[in-house]
Amino acid sequence: MAVTKMKILVITEQREGKWNPVTSEILVAAQQIAAAQTGSRVTAAVLGKGVRRLAEELAAHQLAEILLLEHDLLERYTPDGFTLALRQAIAQSEPDLVLLPHTYQVRDYAPKLAASLGKGMIADCVGYRAEKERVVFIRQMFQGKTAADVSFAGAPPWFVSFQAGAFRGDQIARGSAAAPITPISIELKAEQIRTTPLELFREAKQAVDLTQAPILVAIGRGIKAPENIPMAKKLAELMGGELAASRPICDEGWLPMDRQIGSSGQTVAPKLYLALGISGAIQHVVGMKGSRTIVAINKDQNAPIFEVADYGIVGDIFELIPALSEALEKK
Amino acid sequence: MKIAVCIKQVPAKDAPLRIAESGTWIRETDIGFEMNEPDSFALEEGLRLKEKHGGEVVALSMGPERAKQVIKEALAKGAERGIHIADDKFFLLDPLGSAKSIAAALKKENFDLILTGLQSDDQGFGQTGVLLAELLGLPHATIIMQIELQGQRLKLKRELEAGWFQWVELPLPAVLTIQSGINKVRYASLKGIMAAKKKEIAVVTRESLGTADQPTQRVERIYVPQKAKKTEFIDGSPKEAAAKLIEKLRHEARVL
């Protein structure tokens, strides 16, 4: 993978006319990679039906061009529709690097899109390193216990997705002039789309809104059994916070789904996040790493949760939870 | 219904991982392995569909000799037979290369449904199911939380982000990736374990499948990640540590 003057194509994400906020992050990723390789240009693709307004919103950013992919069959997401439409945009714009946000939607079609062109994708990256004439992508393995440097072999286009939070969306660069919008005519037939998308819905009766809680006490697998939850709940109450959990706890049915923090649950940023017996898998960390102060208590000193913690205690939560409650009750 | 379930063997959750001399994989000695958790939910879903609608479940795993263990576990839980793609160098394959081997092994039989977990707890590519669908020319859906068979079609509940879900429909044959928590995974019974001993595990290799090809990407090295934050570790007895932590949260971080 020797590159200079890279052509970067960013696939933006919207649903029902609203941006997924990770779109700004992925645009920032593209702008930063382009800045490291002089002469590079960044193009953004917007797909859907009736999304010209969204393309116009992007025009203020520092972009060489915006590709507008509109079609009635792109109104609702399907893996077949998006793959076929994006293949046409890629054929026309011939990018070296295709950047996507690592959303559930991207996970659903991007590997297929890349493979349909005989290409590979490095997914769920957390960063990159621009080296002489090449870019190395950094992703996590073993549930965040190790990082990996991964590079592309073979000819472009290369597909990369970045994890939410890997870049700061507010660092997006404005352009000196409005970026031109180029409509791409998409050929798509209803019979090419095998999936029928039906209604979107929310299931959990939102009994509690954890995004509004200033303090969260979150439990993970380390809590071991539902009988142990009341002691964590008591600690949360003493701290003036709410009880939250990582996914396995809600999967087990020990706490309702609206208490779940992480990519499939809530994304929170309280002033204090206390993680009890949570190892810190990526899917959990993306939902809480923006918290102001993070405390982790875990028996494994190598648990990835400590990588994002401000304060850490290596120890047994069944000793520390009562000790913390006692310390709080004293005052 | 003829169902294939792709399962992977990964290091046990609490296994202390050390990086191998090569710098591109972990040291496999002295650690335990287990069935990748998302795949165990896929297996359970496959078994339940078979029990409800009839048919057979075939458990497929790629990896070195040790990977046979998760196939045996699947057979003990009720799968009819196994396919082992014996490959000591599976960890050097990129997602597309892995999927090509698995697709070649699956292609020989006409499965109605192919299930995988949504991602593996070791490499975590999260691409295999989607790639299998593309390579086999089948429709797919990912991160599935409920499966309803309606004649030759499936009605599926897909999980989206932030508490959203969506119903989708697609025709069989198809590939699905299963979200953890979709069901309660069973334990193997003693009877099942005994019965599994008589069940067949077919062994194939990448060479026999004819799928050796050029990787699209290469892991250059793996390493312990640099900390994003400087963590202040608090020590002492539980009582001392708790008191120190509360003190720091009150007066240093000022969040209590």
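Residues numbered from 1 in each chain as written. Chains lettered and ligands numbered in written order. Predicted model: local features only at pLDDT ≥ 70, side-chain atom pairs only at ≥ 80, totals over all residues. Heavy atoms only, no water.

Topic: the overall build of chain B
When you go through chain B residue by residue, the secondary structure sums to 7 helices and 13 strands. Dimensions of chain B along its principal axes, counting C-alpha atoms only, are 65 × 45 × 40 Å. The 256 residues of chain B split such that 58% are buried. On chain B, roughly 11,100 Å² of surface is accessible, and the fraction owed to carbon and sulfur atoms is 52%. Distance between charge centres in chain B, computed from 38 positive and 35 negative side chains, equals 2 Å. (Helix = DSSP H or I, 4+ residues; strand = E, 2+ residues; numbered from the N terminus. Buried < 20%, exposed > 50% of the residue type's maximum accessible area, 1.4 Å probe, protein only. Areas by Shrake-Rupley, 256 points an atom, 1.4 Å probe, with all protein chains shown as cover. Lys, Arg positive; Asp, Glu negative; His and termini not counted. Charge placed at Lys NZ, Arg CZ, Asp CG, Glu CD.)

Focus on the domain arrangement of chain A
Often, the extent of an interface is quoted as the loss of accessible area upon association of its parts. Residue and element names in this part refer to chain A. When cut into domains, chain A gives domain 1 (7-192) and domain 2 (210-330). Each of domain 1 and domain 2 was reduced to a C-alpha centroid, and the two centroids are 34 Å apart. Domain 1 puts 10 residues into the contact, and the matching count from domain 2 is 10 residues. Together domain 1 and domain 2 conceal approximately 740 Å² of surface at their shared face, both sides included; 52% is due to carbon and sulfur atoms. The interface formed by domain 1 and domain 2 holds 0 salt bridges in total. Summed over the shared surface of domain 1 and domain 2, the number is 1 residue pair in polar contact (both at pLDDT 80 or more). For the side of domain 1 that touches domain 2, the class distribution of residues is 3 nonpolar, 5 polar and 2 charged. (Domains from an automatic or database assignment. Contact = heavy atoms within 4.5 Å. Buried area = accessible area lost by both parts, 1.4 Å probe. Salt bridge = Lys/Arg side-chain N within 4 Å of Asp/Glu carboxyl O. Polar contact = N/O pair within 3.5 Å; in protein donor to acceptor, adjacent residues only side chain to side chain. Nonpolar A, V, L, I, M, F, W, Y, C, P; charged D, E, K, R; others polar.)

With respect to the sheet that holds strand β13 (residues 215-219) of chain A
Pairing is parallel in the open sheet, where 6 strands are placed in the order β14(A)-β13(A)-β15(A)-β16(A)-β17(A)-β13(B). In the strand order of this sheet, the two ends are held by β14 (242-245) of chain A together with β13 (232-233) of chain B, each with one partner. Sheet analysis places β13 of chain A next to β14 of chain A, joined by 4 bridges and oriented parallel. Its bridge partner lying in β14 of chain A, A218 of chain A is registered against A244 of chain A. Against the sheet, helix α5 (residues 229-239) of chain A contacts β13, β14 and β15 (272-276) of chain A, and its axis sits at roughly 170° relative to β13 of chain A. In the packing of helix α7 (residues 238-251) of chain B onto the sheet, the strands contacted are β15, β16 (293-298) and β17 (311-314) of chain A together with β13 of chain B, and the crossing angle to β17 of chain A comes to about 175°. (Pairing = 2+ DSSP bridges. Axes fitted to C-alpha atoms, helices over the stretch in contact; angles between N-to-C directions.)

Some thoughts on the sheet that holds strand β11 (residues 181-184) of chain A
Spatially, 10 strands are ordered β11(A)-β5(A)-β4(A)-β1(A)-β6(A)-β10(A)-β7(A)-β8(A)-β9(A)-β12(B) in an open sheet, and the strand pairing comes out mixed. Only two strands of the sheet have a single neighbouring strand rather than two, namely β11 of chain A together with β12 (217-223) of chain B. With strand direction ignored, the average angle separating the axes of adjacent strands in the sheet is 35°. Looking at chain direction, strand β8 (residues 134-141) of chain A and strand β9 (residues 146-152) of chain A are connected through 5 bridges and run antiparallel. In the sheet register, R139 of chain A faces β9 of chain A, and the bridge partner there is A148 of chain A.

A word on the packing of aromatic side chains
All told, the structure shown has 15 aromatic pairs over all chains when counted by the stated rule. Taken together, a centroid distance of 5.8 Å and an interplanar angle of 25° make the contact between F201 of chain A and F165 of chain B stacked. With one member in each of two chains, F201 of chain A in strand β12 (residues 196-202) and F165 of chain B in strand β9 (residues 164-171) form a pair that bridges those chains. Residue F201 of chain A is classed as buried on the basis of its relative accessible area, which comes to 17%. Between the aromatic rings of W25 of chain B and F91 of chain B, the centroid separation amounts to 5.0 Å while the plane-to-plane angle is 10°, which identifies the pairing as stacked. (Phe/Tyr/Trp six-rings, centres within 6.5 Å; stacked < 30°, edge-to-face > 60°.)

Section: the environment of R52 of chain A
Residue and element names in this part refer to chain A. Within the secondary structure layout, R52 lies in helix α2 (residues 52-58). For R52, a relative accessible area of 36% puts it in the partly exposed group. The residues touching R52, leaving out its near neighbours within four places in the chain, are L68, E70, I181 and P183.

Digging into the interface of chain B and chain A
Counting from both sides, the interface comprises 82 residues of chain B and, opposite them, 81 residues of chain A. Summing the contributions of chain B and of chain A, the shared interface buries around 7,400 Å²; its carbon and sulfur component is 54%. Three residues, E161, K229 and V255 of chain B, lead the burial of chain B against chain A; their summed loss comes to 8% of the area buried on that side. Taken together, the connections running from chain B to chain A amount to 5 salt bridges. Across the pair R247 of chain A and E159 of chain B runs a salt bridge whose closest N-O atoms are separated by 3.2 Å. Across the chain B-chain A interface, the total number found is 39 residue pairs in polar contact (both at pLDDT 80 or more).

Looking at the pattern of salt bridges
Evaluated as defined, the whole model comprises 38 salt bridges over all chains. Between R134 of chain A and E131 of chain A there is a salt bridge whose closest N-O contact spans 2.9 Å. Residue classification places E131 of chain A among the partly exposed positions, given a relative accessible area of 30%. With a shortest N-O distance of 2.7 Å, R206 of chain B and D87 of chain B are connected by a salt bridge. In this pair, R206 of chain B sits in helix α6 (residues 206-209) while D87 of chain B sits in the loop between β5 (81-86) and α3 (95-107), placing the two residues 119 residues apart along the sequence. The exposure class assigned to R206 of chain B is buried, which follows from its relative accessible area of 17%.

A closer look at the pairing of strand β6 (residues 113-117) of chain B
Residues and elements named next belong to chain B. Counting buried positions along β6 gives 5 out of 5 residues, so the element sits mostly inside the fold. On β6, burial covers both faces: L113, L115 and G117 on one face and I114 and T116 on the other are all buried. Bridging between strand β1 (residues 2-6) and β6 involves 4 bridges; their strand directions are parallel. Note on β6: the bridge partner recorded for V5 is L115. For β6 and strand β10 (residues 174-178), the ladder comprises 5 bridges, and the chain directions are parallel. Its bridge partner being in β10, L115 is matched across the sheet by L176.

Let's talk about unusual backbone geometry
A cis amide bond links P156 of chain A to the next residue, P157 of chain A, at an omega of 5°. In this structure, P157 of chain A sits in the loop between β9 and β10 (158-162). Notably, D124 of chain A is not glycine yet its phi reads approximately 60°, a positive angle. Tracing the backbone shows D124 of chain A in strand β7 (residues 121-131). One non-glycine residue with positive phi stands out, namely R254 of chain B, at about 55°.

Here we look at empty space enclosed by the protein
A full pass over the atoms with the stated rule returns 5 cavities of 30 Å³ or more. A volume near 310 Å³ is recorded for the largest cavity. Secondary structure elements with two or more residues in the lining of the largest cavity: β4 (56-63), α3, β6 and α4 (128-136) of chain B. In this model, the second largest cavity occupies a volume close to 60 Å³. If you go around the second largest cavity, the residues you meet are Y77, T78, P79, D108 and T195 of chain A together with H140, A141, R158, Q166 and V168 of chain B. Within the residue set of the lining of the second largest cavity, elements represented by two or more residues are β7 (140-150) and β9 of chain B. Class assignment of the residues belonging to the lining of the second largest cavity gives a composition of 4 nonpolar, 4 polar and 2 charged. (1 Å grid on protein atoms, 1.4 Å probe; cavity = no way out; pocket = protein on both sides within 12 Å on 5 of 7 lines; lining within 4 Å. Points joined across faces, edges and corners; volume = space filled by probe spheres on them.)

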